[in-house]
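Each chain is listed here by its residues.
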Amino acid sequence: MSDPTIIERPVSAVSTSLSSLHPVIARIYAGRGVSELSELEKGLETLLPDGAMLGIDAGVARLVSALKQQESILIVGDFDCDGATSTTTALLALRAFGFNQVDYLVPNRFEYGYGLSPDIVEVAKKREPDLIITVDNGISSIEGVDRANEFGIDVIVTDHHLPGTVLPKAVAIINPNQAGCQFMAKSTCGAGVIFYLLIALRRQLQQLGWFEQQGIKAPNLANYLDLIALGTVADVVPLERNNRTLVHQGLARIRAGRARPGLLALLEVAGRDHQRISSSDLGFAVAPRLNAAGRLDDISLGIECLLEEDPQRAREYAEQLDALNRERRSIESDMQAQAMAHLESLDLSEAQRPAGIALFNEQWHQGVIGILASRVKEKLHRPVIVFAPGDEGEIKGSARSIEGFHIRDGLDRIATEHPDLISKFGGHAMAAGLTIAKADLERFEVAFAAEVARQTRKEDLDRVIETDGELAPKQFTMELAQMIQEAGPWGHQFPEPSFHGEFRLLQQRIVGQKHLKMVLQEPTTGLALNAIAFNVDTNVWPDASINRVRTVYRLDINEFRGQRSLQLMVEWLKPL
């Protein structure tokens, strides 16, 4: 792979509104499109009103009717972290509202696949629900909703994935991405969508005097913001302003120790102090452990962990999830080695490499192909689809894309031009899932590469690292690192600040088998800085002959045995 191009994030003139901030913080915000201090307010009062969300009134009306009749409700979720947090939130809140018959069902990905399929409706029917509520799925479940209707089971769809041309015949569809929906935060995740439905339902029940009639206190929905924050970060949706508020509020609750016992237990087994966590801890410590259940076994284990009220029992669930995550890492490592060995065996130059990569191996684990697709995409900077064996004669793929290629729309175009090629697909701009016949793999590879080439330019396939520029010698301080931490939350399309620069390399050693621990020296002041780069190429590092490096890094605070010190988290490293 050639070296990436390092560029500074374009910044228009910093507005006078930001002039009261530290100049580096003002520059960081301006580079992310923030021009007014008011845009940085993250109080709950800044959340967008639910009334703009299409379908929410119909959903509330059906739920009010169900509550008055004490109908049986079944939540059908997805098998990832967003699905787990959506399911947990719906269960906890509806029970707090006074629903007496609420349960959940999440399809096992290996038996039923994704969403409210007709087969899952057959399973659901045995529970005799009056109403099914989908969370984080359902917008593409045309046949499943039809089957539910045949059985006399109403369906409320809550989802955020992009809809197709035909919508399911549900009693209500709440999805900010459906045509005609005026809700501005289109990147709201599945947990966020069900949260908004619950907000509207609570308000309606308050207006009806329901809680007073039942002698119960109207639940404070802010109690579930830890779950909403986790779902939002885990699903890697853009952190537009509304999502930043949800994540900020959820993080504040977690730091105060007012989170679900299961979430706190997951942080504990991951070695994270809940009082000091950031959004990245949710994404890299909590979410993978919950997702491991859905990838290797059954996401119900993760949901039960989040539902659990007893801290000791929650810890036991968390330890089981941690063990599954270690197993997932081992499987992923083997699959990644096989994938890269296969790509190297093709002996293609960068110019010869297809614009879109499709990979398949008979031994690959269906639950881990999404992670593998992400890893290969990061290395090759191309849209990648990884397939694993599915049902008889079929293979199932998980896709990850790059900026500039909308993967769901790309699959839609392939399906239109080759109607018999893709059995089913769904997703959004950066991630998707699909099923094809195994016999059609080679034909799909050609069609996929051609579609990516058609929609992208050569420069789209060249890796570019955007940074927030260089730090002045006197800006390497704990104070600035603390300011950057507090200026978040950071996430997708509101990235954590990074900087680039050249340093003298004073010390280097491998820790944890593949992480490079260094001492770097700022060349102007001579300041020595601790630094670490994760997952380096141990064929290159350490190398005593290297004494100067070019880096892209984040300013961080390391805490060890009660001591806090400045540390550079190196994201990219090149010898000079």
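Overview of the structure. Quick caveat, the model's predicted, so the values are computed rather than measured.

Between side chains of opposite charge, pairing is possible as soon as their charged atoms come close. For the coordinates displayed, the defined rule picks out 36 salt bridges. As a salt-bridge pair, D468 and R9 come within 3.1 Å of each other at their nearest N and O atoms. Taken together, the residues D468 in the loop between β12 (464-467) and α17 (478-486) and R9 in the loop between β1 (5-8) and α1 (23-30) connect sequence positions 459 residues apart. There is no split in this pair, since D468 and R9 are both buried. The salt bridge involving R289 is made with D322; its shortest N-O contact spans 2.8 Å. Taken together, the residues R289 in helix α11 (residues 279-296) and D322 in helix α13 (residues 311-345) connect sequence positions 33 residues apart. The network of salt bridges with common partners includes R9, R32, E466 and D468.

Below, the discussion takes up the packing of aromatic side chains. Under the defined criterion, the tally for this structure stands at eleven aromatic pairs. When the centroid spacing of 5.6 Å and the interplanar angle of 85 degrees are considered together, the rings of F387 and F444 count as edge-to-face. Of the two residues, F387 is situated in strand β8 (residues 384-389) and F444 in helix α16 (residues 441-455); the sequence distance between them amounts to 57 residues. With respect to class, F387 is no different from F444; both count as buried. Between F405 and F448, the ring centres sit 6.4 Å apart and the planes meet at 70 degrees, which makes this aromatic pair edge-to-face. Of the two residues, F405 sits in the loop between β9 (394-400) and α15 (407-417) while F448 sits in helix α16, which places them 43 residues apart along the sequence. Of the two residues examined, F405 and F448, each falls in the buried class. Members of the aromatic cluster, connected to one another through ring pairs, are F387, F405, F444 and F448. Across the ring face of Y317, the terminal group of R313 is positioned such that the distance to the ring centre comes to 4.3 Å.

Between helix α8 (residues 225-234) and α11, the shortest axis-to-axis distance is 9 Å and the interhelical angle comes to 90 degrees. Our classification of the angle between α8 and α11 gives roughly perpendicular. From α8, A229, L230, V233 and A234 reach across to α11, where they touch S279, L282, G283, V286, A287 and L290. Of the residues belonging to the contact of α8 with α11, the class tally is eight nonpolar, two polar and no charged.

Bringing helix α10 (residues 261-269) into the picture now. Counting buried positions along α10 gives seven out of nine residues, so the element sits mostly inside the fold. Within the span of α10, buried status applies to P261, G262, L263, A265, L266, L267 and V269. Contacts made by the buried residues of α10 are with α8, α9 (241-255), α11, α12 (300-307) and α13. Once α10 ends, the next one or two residues include G271, with phi positive near 75 degrees.

Definitions and limits used
Residues numbered from 1 in each chain as written. Predicted model: local features only at pLDDT ≥ 70, side-chain atom pairs only at ≥ 80, totals over all residues. Heavy atoms only, no water. Salt bridge = Lys/Arg side-chain N within 4 Å of Asp/Glu carboxyl O. Helix = DSSP H or I, 4+ residues; strand = E, 2+ residues; numbered from the N terminus. Buried < 20%, exposed > 50% of the residue type's maximum accessible area, 1.4 Å probe, protein only. Phe/Tyr/Trp six-rings, centres within 6.5 Å; stacked < 30°, edge-to-face > 60°. Lys NZ or Arg CZ within 6 Å of the ring centre and 35° of its normal. Axes fitted to C-alpha atoms, helices over the stretch in contact; angles between N-to-C directions. Parallel < 35°, antiparallel > 145°, perpendicular 65-115°, else oblique. Contact = heavy atoms within 4.5 Å. Nonpolar A, V, L, I, M, F, W, Y, C, P; charged D, E, K, R; others polar.

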